[in-house]
2 protein chains.
Amino acid sequence: MPSLLPRPKTFLPRSGYFRLGPDTTVSAPEELFNEVAWLQSALRPATGFPLPERDAGTIRLTVSEELGPEAFHLDITPERIELAGGDAAGVFYGCVALLQLLPAAVYRKSLVPEADWSIAACLVEDAPRFGWRGAMLDTARHFQPKHDVLRFIDLMAMHRLNVLHFHLTEDQGWRIEILRYPRLTEVGAWRRETQLGAGEDAPSDGRPHGGFYTQDDIREIVRYAQQRHITVVPEIESPGHVQAALAAYPELGVSGQQLPVFTRWGVNPNVLNVEDSTVEFFKNVLDEVIELFPSPFIGIGGDECPKEQWLADPHTRERMAELGVEDGEGLQAWFIGRLAEHVTARGRRIFGWDEILEGEVPKTALVASWRGMTGAVTAAKRGHDVISCPDDVVYLDYRQSELAEEPIPVAIAVTVEDAYSFEPVPAELTAQEAQHVLGGQANIWTEYMDSPRTIDYFAFPRLSAIAEALWSPVERDFSEFEPRLADHLARLDAVGVEYRHAAGPLPWQQRPGIPGRPSSRAGRDAFIEQLVANIAQP
Amino acid sequence: MPSLLPRPKTFLPRSGYFRLGPDTTVSAPEELFNEVAWLQSALRPATGFPLPERDAGTIRLTVSEELGPEAFHLDITPERIELAGGDAAGVFYGCVALLQLLPAAVYRKSLVPEADWSIAACLVEDAPRFGWRGAMLDTARHFQPKHDVLRFIDLMAMHRLNVLHFHLTEDQGWRIEILRYPRLTEVGAWRRETQLGAGEDAPSDGRPHGGFYTQDDIREIVRYAQQRHITVVPEIESPGHVQAALAAYPELGVSGQQLPVFTRWGVNPNVLNVEDSTVEFFKNVLDEVIELFPSPFIGIGGDECPKEQWLADPHTRERMAELGVEDGEGLQAWFIGRLAEHVTARGRRIFGWDEILEGEVPKTALVASWRGMTGAVTAAKRGHDVISCPDDVVYLDYRQSELAEEPIPVAIAVTVEDAYSFEPVPAELTAQEAQHVLGGQANIWTEYMDSPRTIDYFAFPRLSAIAEALWSPVERDFSEFEPRLADHLARLDAVGVEYRHAAGPLPWQQRPGIPGRPSSRAGRDAFIEQLVANIAQP
């Protein structure tokens, strides 16, 4: 079998070869114009120029209602290629798979006349296991210029991932232009310096860091992703992880004091106050976000919100009494609830981290289970849809091995094999409850990734393994995956992805002397267990 | 006049608009398949999918022998667009100009349905003043990943620049895979740390830095550039600026001692020895380089080679006597001469910095005048072809203003207006001598540009001004340029170029506390005058 990744449901070899050449043409119904254009562009390293469209092309793209959503049927004979998709997305994934049947040089950006542009005849039938195959990209801790985000989207498409969870706001930076509140980016889009490494004693680099996306940039990113069948799900953090917003608009905070955009990592005590005006502010922000992002889901954050500032503030305590809530968790649920009402009224659903299960939130809320799988179990049993992204399996900021050379090693080692073992559906769920698990995603937090080069190192090839775990049938075998991954790395080389090599970081991927904070599996398990005690099922 | 940049020779407005829409089609002879493909791709933000090719398209591309090389004639009426080029390059530049007649949103990477995709009818006739319109990119001091180089090539094409001088080797890093000598990249492609800022006392960052291009990467870059009518001229430094090579192969050095890849900036005493085996080594390197780069010119460096190590070494002094050379300059000329013979025998010409004028070099050698214009005058008078790149006008690592906020401010302030004043032909030359000036280029040295984001800041918009100086008629007026540049910045915004804003660096483009080394114009002039005394015309 050629090294298809993700692994297909069905692969049947045939005899002979289809050869890409001057006689190759493409045909497709008009509704597939986007997929044809993508294929024409993707094949240019082989063909030199866009494949001509003909009424009966040697490559034929069609939509077949017999196939399910995102499914495809790719039939290659020496004479022609017939690609049928259950929908346009299915056709697109068939095109993406077709590319993997060619030499890796097809992933280069200019003509490669040296390569043998023939495809061994075969039949591939495939369809994804999950409808949400995601990656979260944190553009707040370290900003990635727009063109790097577009490149990341291309890498996602190459792996048939279909959701970009776009983490846009944080204590350390606000990255999306909001027309009504310009100071969010004027003030909030940059910080004075950055903590270098992990731990409270870690030094700072003394270098300002910043950047943001204009609304035109956002529209471009969203449409670029759409053309690759990727939904961009925005996330605006609240009521914690908001210090960049507080720096811009101190009146949103509990104390009202002027704060700098945060320059350290870790959970931050400064949270939003619960005034009606603050709720209104975030509703207005979300209105602009909703206008920019057609995603059915709008992320409102909800994670790691400390309650101390609220509880210590007499005015907030009065407000709690007024609202009839008894504790911090209740107040957080009240706040999230207001945003949820607003988002729901606009025909969308909120998407939040598993901490939102600490209170009652609307059943339409989609829950991202990140502190292991406890949130997934609780949410599904309480009737919420779930995205699984357990930190110990798919957090791509976690160190990649036990090697001391890993750059800024934090948390536990999550190897490629660990990532490949990703199973989004908790065994504790009944078949019916399991229906609530829409899929999973890898999370790329960028505290320790200060450039796209570093993101390459942390994301790949673990993200390749996760992409297969989210697409392919549940029965998987790492030893079968490994040789396919080796071939896949040649594709990443052709793209220019600076992935982690199996032997460890290259010398220039290391960060000697920058403190990490590695932990053991046992230590991490104990810590997480304590964190999720208040949302665990009895 | 719409904001064409570079400014065209002829622009005549006409009445009415040509509207890009579902009926727009393109036609061209087969020889222009590359230009059609580029235009189809470039217009996708407007059209949504590649313009269909028809026998008589509403956009017609042709080659007209009546026009000169690189010239074009672009005739836009409400009914159709007729674009004739003197050659394929001329057609390409006409396409590039056509894009500038559309809203800046055309430079985005996905469909922009909001924009008004109409073009005011007009006639544009244009041809470049110089045949060498270049930019030198230093990938050795700081490595740029391949995809960032491709992006830089796109930015060059957008400005009708046609030569990428690719600076691939340095004391601080060797960036090109040489199959015969793998240690050049195994050892030479990374350094342990990097000097932070200018000056001997500047601290180091303690962070390894590295990266290199495989030969497949190089082929991809070369062809990608070719498709945009850009020649990539490689440069392998010798006999100085070689410490990365010495780290890999100590036997190439005068002392033979093991050296690290250099972690500091500035001129380095460690140079190549002048053994036959070392000449042979570099000939073998150049053979692989010549195979990879079809450029008629092959850069061999030649700049800033200190002679002290040679003169202090008894063995080298014996060698000098044996070779019949009297001084360090003579020895340098001997070394360059051997490489020149080799390059010439393979049908190419050497390209070197103006220090090669310190001795006799073959008349076919192309000289880059960087220490002001003295080298240009001397070279042209001695019968050499010349590329002008005077440091005080086109060195884009020099600070951009007198503001204290400029990041790591070095040398003199070179403003956009200074860059716009670039005149590649020295007034001292006769008309016949002036024929030797093939053109000019901007040089982007990356000691203080540690990421593509920083390169954006230093390069733009000065490179936009230089592109016009190299293309447009000699009579220019900065006050006429300024408003066109303002419109052009909207294009750079759409591309996502983080150029320097007129008001100065954004907070996150600053490098507080990192030492620069600013100098005054007078100080710089005195310094350069002394440097070039030995090549100045009597």
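Before reading further, recall that the structure is shown in the block above.
Treat the numbers as computed from the prediction; the structure is a model and nothing was measured. (Residues numbered from 1 in each chain as written. Chains lettered and ligands numbered in written order. Predicted model: local features only at pLDDT ≥ 70, side-chain atom pairs only at ≥ 80, totals over all residues. Heavy atoms only, no water.)

**Student:** How should I be thinking about the overall build of chain A in this particular structure?
**Tutor:** On a plain count of helices and strands, chain A comes out with 19 helices and 20 strands. At 24 Å, chain A has a C-alpha radius of gyration in line with the 24 Å of a compact globule built from 538 residues. The dimensions of chain A, computed from C-alpha atoms along their principal axes, are 80 × 50 × 45 Å. Out of the 538 residues in chain A, the part that is buried amounts to 64%. Considering only contacts within chain A whose residues lie at least 6 apart along the sequence, 73% involve residues at least 24 apart. For chain A, the accessible area works out to roughly 18800 Å², and carbon and sulfur atoms hold 52% of it. Counting 49 positive and 79 negative side-chain charges, chain A places the averaged centre of each group 3 Å from the other. (Helix = DSSP H or I, 4+ residues; strand = E, 2+ residues; numbered from the N terminus. Rg over C-alpha atoms; globule rule 2.2 N^0.38 Å. Buried < 20%, exposed > 50% of the residue type's maximum accessible area, 1.4 Å probe, protein only. Contact = heavy atoms within 4.5 Å. Areas by Shrake-Rupley, 256 points an atom, 1.4 Å probe, with all protein chains shown as cover. Lys, Arg positive; Asp, Glu negative; His and termini not counted. Charge placed at Lys NZ, Arg CZ, Asp CG, Glu CD.)

**Student:** I'm lost on the relation of the copies chain B and chain A in this one. Help?
**Tutor:** Note that the two copies of the chain are related through a rotation about an axis and a translation along the same axis. In the superposition of chain B on chain A (RMSD 0.0 Å, axial shift 0.0 Å), the rotation amounts to 180 degrees. Taken together, these values place the two copies in the relation of a two-fold axis. By residue overlap, the copies meet face to face through one surface: 100% of the interface positions of chain B are interface positions in chain A. (Least-squares fit on C-alpha atoms with pLDDT ≥ 70 in both.)

**Student:** I tried to follow the interface of chain B and chain A on my own but got confused; where do I start?
**Tutor:** By a frequent convention, interface size equals the accessible area lost on bringing the separate parts together. Tallying the contact residues gives 51 residues for chain B and 51 residues for chain A. If you sort the residues of chain B by the area they bury against chain A, Arg108(B), Arg207(B) and Trp508(B) come out on top, with a joint share of 16%. Across the contact surface, chain B and chain A share eight salt bridges. Put simply, Arg108(A) and Glu220(B) hold a salt bridge, and the shortest N to O gap is 2.6 Å. For the pair chain B and chain A, the interface holds 22 residue pairs in polar contact (both at pLDDT 80 or more). (Buried area = accessible area lost by both parts, 1.4 Å probe. Salt bridge = Lys/Arg side-chain N within 4 Å of Asp/Glu carboxyl O. Polar contact = N/O pair within 3.5 Å; in protein donor to acceptor, adjacent residues only side chain to side chain.)

**Student:** When you look at the side chain of Arg371(A) in this model, what are you seeing that I'm missing?
**Tutor:** Residue and element names in this part refer to chain A. Looking at the element boundaries, Arg-371 is found in the loop between strand S16 (366-369) and helix H12 (374-381). A polar atom in the side chain of Arg-371 sits 2.7 Å from the side chain of Asp-354. A polar contact of 3.5 Å, which involves the side chain of Arg-371, links it to the backbone oxygen of Leu-531. What Arg-371 contacts, discounting residues up to four positions off in sequence, is Asp-354, Glu-355, Glu-358, Asp-391, Arg-524, Ile-528, Leu-531, Val-532 and Ile-535.

**Student:** Explain the packing of aromatic side chains to me, please; I cannot follow it from the model alone.
**Tutor:** How two aromatic rings sit relative to each other is set out by the distance from centre to centre and by the angle between their planes. Counted under the stated rule, the structure contains 46 aromatic pairs over all chains. Look at Phe143(A) and Tyr213(A): their rings are 4.8 Å apart centre to centre, the planes differ by 45 degrees, and that puts the pair in the tilted class. With Phe143(A) in the loop between strand S7 (132-138) and helix H4 (146-158) and Tyr213(A) in the loop between strand S12 (209-210) and helix H6 (215-226), this pair connects stretches of sequence that are 70 residues apart. Exposure remark for Tyr213(A): the relative accessible area of 1% places this residue in the buried category. Taken together, the aromatic side chains of Trp174(A), Tyr181(A), Tyr249(A), Phe281(A), Phe282(A) and Phe335(A) make up a single cluster linked through ring pairs. One Lys or Arg, Arg228(B), reaches over the ring of Tyr224(B) and ends 3.6 Å from the middle of that ring. Geometry around Tyr420(B) places Arg476(B) over its ring, the cationic atom sitting 5.2 Å from the centre. (Phe/Tyr/Trp six-rings, centres within 6.5 Å; stacked < 30°, edge-to-face > 60°. Lys NZ or Arg CZ within 6 Å of the ring centre and 35° of its normal.)

**Student:** Sorry, what's going on with the nonpolar core here?
**Tutor:** In globular proteins that are soluble, nonpolar side chains generally tend to be buried together. Counting 172 residues, the largest nonpolar core has Ile59(B), Leu164(B), Phe166(B), Trp174(B), Ile176(B), Leu184(B) and Phe293(B) as its most contacted members. Per-element tally for this core: the top contributor is helix H3 (residues 88-100) of chain B, with nine residues. Excluding its chain neighbours within four sequence positions, the residues that come into contact with Phe166(B) are Leu137(B), Thr139(B), Val149(B), Tyr213(B), Ile218(B), Ile221(B), Val232(B), Val233(B), Pro234(B), Glu235(B) and Phe293(B). Within the second largest apolar cluster, 171 residues are counted, among which are Leu246(A), Leu272(A), Ala340(A) and Ile466(A). (Core = buried A, V, L, I, M, F, W, Y, C linked by side-chain atoms within 4.5 Å.)

All quantities given are derived from atomic positions and should not be read as evidence of function.
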